[in-house]
Amino acid sequence: MSERMERPWALMRHHAGWADVFHIESETPDSITGFYPDRETVGPPVNYSVRAVLARYPTLEAARSAREEAVAEWRKHDAAVRDAETQLREAEKAREDAWVKCLRDAAER
């Protein structure tokens, strides 16, 4: 058995800061097929490029634990991100105000 199939549980990027646990049922060198066990309705197997896999784990518990640890790590940066977003909004407002002032000053000449 290959190393990849020895680790049939994967974390797949869902959105920024969150990953979904995915069970890999089969794979080729380019794609994986499987399902999301934590979703309410488990539909037919889905296919993804192997590039969609963030990380692989040997057990469901290991994948869930890694996901929770990663969420905690993500949260450590929340305050810095909020501060940066505030600074960005302030800089964008200053740019907008300067642009409007420049246009109005030119109209008064």
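Residues numbered from 1 in each chain as written. Predicted model: local features only at pLDDT ≥ 70, side-chain atom pairs only at ≥ 80, totals over all residues. Heavy atoms only, no water.

**Q** Give me the lowdown on the pattern of salt bridges, citing residues and values where you can.
**A** Under the criterion given, the structure shown has nine salt bridges. Between R39 and D20 there is a salt bridge; the shortest N-O distance is 2.9 Å. Here R39, found in the loop between β3 (31-35) and β4 (46-49), pairs with D20, found in strand β2 (residues 18-27); they are 19 residues apart in sequence, far enough to count as distant. Owing to a relative accessible area of 38%, R39 belongs among the partly exposed residues under this scheme. Residues D78 and R75 are paired through a salt bridge, measuring 3.5 Å at the closest nitrogen-oxygen approach. Three or more residues joined by partner-sharing salt bridges are found here, namely D38, R64, R67 and E68. (Salt bridge = Lys/Arg side-chain N within 4 Å of Asp/Glu carboxyl O. Helix = DSSP H or I, 4+ residues; strand = E, 2+ residues; numbered from the N terminus. Buried < 20%, exposed > 50% of the residue type's maximum accessible area, 1.4 Å probe, protein only.)

**Q** Can you explain the environment of E68? Please cite residues and give values.
**A** Tracing the backbone shows E68 in helix α2 (residues 60-75). Owing to a relative accessible area of 43%, E68 belongs among the partly exposed residues under this scheme. A C-alpha to C-alpha distance of 9.2 Å links E68 and W18, two positions 50 residues apart in sequence.

**Q** Pulling in residues and values, what's your account of α2?
**A** Here α2 is 16 residues long and its end C-alpha atoms lie 23 Å apart, about the 22 Å a rise of 1.5 Å per residue gives. Among the residues of α2, L60, A63, A66, R67 and V71 are the ones counted as buried. What you see down the axis of α2 is that its buried residues fit within an arc of 140 degrees, all on one side. Residues E61 and E69 are exposed on α2 and point more than 90 degrees away from its buried face. (Expected span 1.5 Å × (residues − 1). Arc of directions from axis to C-beta.)

**Q** Report on the sheet that holds β2, specifying residues and quantitative values.
**A** Read across the sheet, five strands follow the order β4-β3-β2-β1-β5 without closing on themselves; strand pairing throughout is antiparallel. Each of the sheet's edge strands pairs with one partner strand only, and the pair in question is β4 and β5 (53-57). When strand polarity is set aside, the average angle formed by the axes of neighbouring strands in this sheet is 45 degrees. Strand direction decides the pairing type here: β3 and β4, joined by four bridges, are antiparallel. (Pairing = 2+ DSSP bridges. Axes fitted to C-alpha atoms, helices over the stretch in contact; angles between N-to-C directions.)

**Q** Explain the confidence of the model for the chain to me, using residue names and the numbers behind them.
**A** Residues of the chain with pLDDT of at least 70 account for 95%, and the chain-wide mean is 91. Per-residue pLDDT, averaged within each element of the chain, yields its smallest value for helix α1 (residues 3-6) (68) and its largest for helix α3 (residues 78-107) (97). (pLDDT = per-residue confidence, 0-100.)

**Q** How would you explain the packing of aromatic side chains if you had to name every residue and give the values?
**A** Applying the stated criterion to the full structure yields three aromatic pairs. Centre to centre, the rings of F22 and Y48 are 5.7 Å apart; their planes meet at 75 degrees, and the pair counts as edge-to-face. In this pair, F22 is assigned in strand β2 and Y48 in strand β4, connecting sequence segments 26 residues apart. Pairing Y36 with Y48 gives two aromatic rings, centres 6.3 Å apart and planes at 75 degrees, and the pair type is edge-to-face. On the criterion of sequence distance, the pair formed by Y36 in the loop between β3 and β4 and Y48 in strand β4 is long-range, its members being twelve residues apart. With a relative accessible area of 10%, Y36 lands in the buried category. An aromatic cluster is built from F22, Y36 and Y48, whose rings are joined through pairwise contacts. One Lys or Arg, R39, reaches over the ring of Y36 and ends 3.7 Å from the middle of that ring. (Phe/Tyr/Trp six-rings, centres within 6.5 Å; stacked < 30°, edge-to-face > 60°. Lys NZ or Arg CZ within 6 Å of the ring centre and 35° of its normal.)

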